Amino acid sequence: MAQIVLQHVRKTYRVSKRKPGMLGALKGAFTRETTQIRAADDISFSIEPGELVGYIGPNGAGKSTTVKMMSGILVPDAGEVRILGRIPHKQRKEHVSHIGVVFGQRSQLWWDTPVMDSFHLLRDIYRVRESDFKRRLEELTGMLDAQALLHVPVRQLSLGQRMKCELIAALLHDPEILFLDEPTIGLDAVTKLNLRAFLRAHNQKGVTMVLTTHDMDDISALCSRVMVIGKGRLLFDGDMGEMRRRYAPARVIKARFEADVAPFALEGAQSVEMDGRAVKVTFLPEQAHADALIASLASRGSLADLTVEDTDVEQLVADMYKEMDR
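Residues numbered from 1 in each chain as written. Predicted model: local features only at pLDDT ≥ 70, side-chain atom pairs only at ≥ 80, totals over all residues. Heavy atoms only, no water.

Asker: What is the right way to read the overall build of the protein from this model?
Answerer: In terms of helices and strands, the protein carries eleven helices and 13 strands. Along the first, second and third principal axes, the C-alpha atoms of the protein reach 70 × 55 × 45 Å. The long-range share in the protein, meaning contacts at least 24 apart out of those at least 6 apart in sequence, stands at 70%. Seen as two clouds, the 44 positive and the 43 negative side-chain charges of the protein have centres 8 Å apart. (Helix = DSSP H or I, 4+ residues; strand = E, 2+ residues; numbered from the N terminus. Contact = heavy atoms within 4.5 Å. Lys, Arg positive; Asp, Glu negative; His and termini not counted. Charge placed at Lys NZ, Arg CZ, Asp CG, Glu CD.)

The structure is reproduced here in structure tokens:
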């Protein structure tokens, strides 16, 4: 049975506009021009227990709005949101005790007090038994190597350290579902790798996760399923392999010759690009086999290096956005 169900959900914002300067401010005091933005436009999907779903799209696509409706912060204008059988905005107390939420650009920790004070407060809010609290805290801080951070004021933490503590805070009450909105924004590569390993481990324990991010490496490393949203509409829902086959079926062979070779064409390739001794061959697997193309390359000269790659995920998603804007 699905844990998360959205059916024909819509959410519209009304945004005010005014011209700059004193004259614009004066006119805005009497007349106000407004425009409507559809942040969610007839969105429907369901998520099964234990899934780790990437929810991606450009800025303003409606990702955070969807997460806020699922977490009960926002009320949809139309349609229905059900999480674990509950309607989030109508059953907030019951709902929040079963979910965790991490917003990369917002904090649930008290800024001027030690991290441990926030954890104790969350323990009381969620009514976590002391024995369970101690066990969960020891487990989570151990996994994230965060024991030394517990008595440091939140304002003195680095961004990476704070995100570790935000994740611990979201999981202290052992939620069944975790919503993650840009959790790795601004983090260095080492911290990102640690957080990904932590999220993967918790997902394998059965925690359902919905991850919104602009970092395609997060999606590739973590998500078995990808949903792409644009202008409030769900454009794609499937696994990464299906998305590649549908939107970026081409593969790329990159090779470097040990010596200069004359320009050439390869039968079956979409294109052959040469830059000195480097060559880039783009092809469709259903029209040409990689081994045949590699053999043809090797016949042109000795190869110093060779790789076969899929289309870069970031380029794939960027191309999808371009199609959406047409």
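Structure's up, so let's keep going.
Asker: Sorry if this is basic, but what is going on with the nonpolar core here?
Answerer: In a soluble, globular protein the nonpolar side chains are often hidden away together inside. Counting residues in each nonpolar core, the largest one holds 48 residues, and the members touching the most others are Phe119, Leu178 and Met243. Sorting elements by how many residues they give to this core places helix 6 (residues 159-171) first, with seven residues. Those residues in contact with Met243 that lie beyond four places of it in its chain are Val226, Val228, Phe236, Ala248, Leu316, Val317 and Met320. With 24 residues, the next largest nonpolar core counts Val53, Met70, Ile83 and Val101 among its residues. (Core = buried A, V, L, I, M, F, W, Y, C linked by side-chain atoms within 4.5 Å. Buried < 20%, exposed > 50% of the residue type's maximum accessible area, 1.4 Å probe, protein only.)

Asker: Where do I start with unusual backbone geometry in this structure?
Answerer: With the exception of glycine, most residues fall at negative phi, and the peptide bonds are largely trans. For Asp174, which is not glycine, the phi torsion reads 60° and is therefore positive. Mapped onto the secondary structure, Asp174 falls in the loop between helix 6 and strand 6 (177-181). A relative accessible area of 47% means that Asp174 is categorised as partly exposed. Although it is not a glycine, Lys231 adopts a positive phi angle of roughly 50°. Position of Lys231 relative to the elements: it lies in the loop between strand 8 (225-230) and strand 9 (233-238). Judged by relative accessible area, which is 46%, Lys231 ranks as partly exposed.

Asker: For this particular structure, what's the right way to read the pattern of salt bridges?
Answerer: Side chains that carry opposite charge are capable of pairing whenever their charged atoms lie near each other. Counted by the stated rule, this structure contains 21 salt bridges. Where Lys192 meets Asp215, a salt bridge forms, and the shortest distance between an N and an O atom there is 2.6 Å. Linking Lys192 in helix 7 (residues 189-204) with Asp215 in the loop between strand 7 (208-212) and helix 8 (216-222), this pair joins segments that are 23 residues apart in sequence. Each of the two residues, Lys192 as well as Asp215, counts as buried. Among the charged side chains, a network of salt bridges with common partners joins Arg136, Glu139, Asp174 and Lys205. (Salt bridge = Lys/Arg side-chain N within 4 Å of Asp/Glu carboxyl O.)

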